[in-house]
Amino acid sequence: MTRPGHAQLEDVIRDPDFPDLDLALRRGRHIDRDDVAWYALLGDAQDHLEAFYRRYGCELVHKADGYYYLLPTGDKLSRRQLSAGDMLVGQALALLYLHPSTVERGGLHTHEELVAQLATVMGSDALIRAFNPKRRRYDERVAQKTVRARVGEAVRRLAGLGFVDLAEGDQLRLRPALLRFAEPVRGLSEPAEALAQLVARGEVALEAEGGSPDAAAGPTGDDEPEADDEPEADDEPEADDEPEDAAGDEDDDGAAP
């Protein structure tokens, strides 16, 4: 419902918060109630903005869980998807979000709890293989360090898309948009259990709407090395040779979804 303050699309575009909001949406950002000014603007001008983004081949989606995002429906604007590793991390975060203790803790969990969640539902060996997919042999110590580094990179990418906030220390504040990762099991009697089974099988399940949770433009996170670049177990990299933060590869050029 459009409110009097934004009677016309021109009023929306002239709003001082619109340029930053528009760029955030086009970069794949999910907007929830914690984004107070942006969320209010979307609520006030939803009718105008739905028609506005439809001209670019996108749908402005508003979920009952309390967040907005852009979903590409055509090919006028660029479209990207999360990597398999990002999807696994997102699904594990969704499991934590659905846990009853999350409300009591103000939505806060630690990076170590996230890794432990992945290890619990997947098993340590499967977790290592998921984030070291092209290594036939590996040193477990180095492999575990690589897992933590890759999970950390995924978390930073998901934070850029509005799924989590990076809090003090190694804490993460989980946001409602994580429920997009639970879409494949919505409506089931035990959604958390079903989602855990997806993670355990390493499945990258895309939701029925037709896009992965970063359906709007955002970093791909696809930084897996080629097979020829993988060192053998006898030539494992030292700690200083760990992959660099992939967040630095993000594309912030404002490309639309």
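Up top is the structure these notes are about.
All values derive from a computational prediction rather than experimental measurement. Residue positions within a chain follow its written sequence, with the count starting from 1. Thresholds applied to this predicted model are a pLDDT of at least 70 for local features of residues and 80 or more for the giving and counting of side-chain atom pairs; totals over whole chains, interfaces and linings are not thresholded and use all residues. As a convention, hydrogens and water are excluded, and side-chain values are obtained from all of the structure's heavy atoms.

Caption draft 1: Quick look at the nonpolar core. Ranked by internal contacts, the top residues of the largest apolar core, which has 43 residues, are Val89, Leu93, Leu114, Leu118, Val151 and Phe181. The secondary structure listing takes helices from DSSP runs of H or I that are at least 4 residues long and strands from runs of E that are at least 2 residues long, numbered from the N terminus. For this core, the secondary-structure elements that each account for two or more residues are β3 (67-72), α5 (84-98), α7 (111-122), α8 (124-131), α9 (140-160), β6 (171-174) and α10 (191-200). Broken down by element, this core gets its largest block of residues, 8 residues, from α5. Counting 17 residues, the second largest nonpolar core, distinct from the first, contains Val12, Leu21, Cys58 and Tyr68. Only buried Ala, Val, Leu, Ile, Met, Phe, Trp, Tyr and Cys residues count toward a nonpolar core, and they belong to the same one when joined by side-chain atoms within 4.5 Å. Summary of the burial criterion: residues with accessible area below 20% of their type's maximum are buried, those above 50% are exposed, and those between are partly exposed, where the area comes from a 1.4 Å probe applied to protein chains only.

Caption draft 2: Molecular detail of the packing of α7 against α8. Taken N-terminus to C-terminus, the directions of α7 and α8 make an angle of 115°; their axes are 7 Å apart at the nearest point. With respect to α8, the element α7 is oriented roughly perpendicular. Handedness of the crossing formed by α7 with α8: right-handed. Together, Val115, Leu118, Ala119 and Met122 of α7 and Ser124, Ala126, Leu127 and Ala130 of α8 make up the contact between the two elements. Structural elements are reduced to axes, namely lines fitted to C-alpha atoms, with helices fitted over the stretch in contact, and the angle between N-to-C directions of any two is expressed from 0 to 180 degrees. For classification purposes, an angle smaller than 35 degrees is called roughly parallel, one larger than 145 roughly antiparallel, one from 65 to 115 roughly perpendicular, and anything else oblique. Crossings are classed by handedness, with left-handed meaning an anticlockwise turn of the near helix from the far one by less than a right angle and right-handed meaning a clockwise turn. The contact criterion used throughout is that any non-hydrogen atoms of two residues lie within 4.5 Å.

Caption draft 3: Looking closely at the environment of Leu60. Within the secondary structure, Leu60 sits in strand β2 (residues 58-63). We classify Leu60 as buried; its relative accessible area is 6%. As a C-alpha pair, Leu60 and Glu50 span 10 residues in sequence and 5.4 Å in three-dimensional space. Ignoring anything within four residues of it in the chain, the contact list for Leu60 reads Leu25, Leu42, Gln46, Leu49, Glu50, Tyr53, Tyr68, Tyr69 and Leu70.

Caption draft 4: Up close: the packing of α5 against α9. Packing of α5 against α9 brings their axes to within 9 Å, and their N-to-C directions diverge by 75°. Judged on the interaxial angle alone, α9 and α5 are roughly perpendicular. Residues Asp86, Val89, Gly90 and Leu93 of α5 form the contact with α9, whose participating residues are Val151, Ala154, Val155, Arg157 and Leu158. Note on residue classes: Ala, Val, Leu, Ile, Met, Phe, Trp, Tyr, Cys and Pro are nonpolar, Asp, Glu, Lys and Arg are charged, and everything else, Gly too, is polar. In terms of residue class, the contact of α5 with α9 is built from 6 nonpolar, 1 polar and 2 charged.

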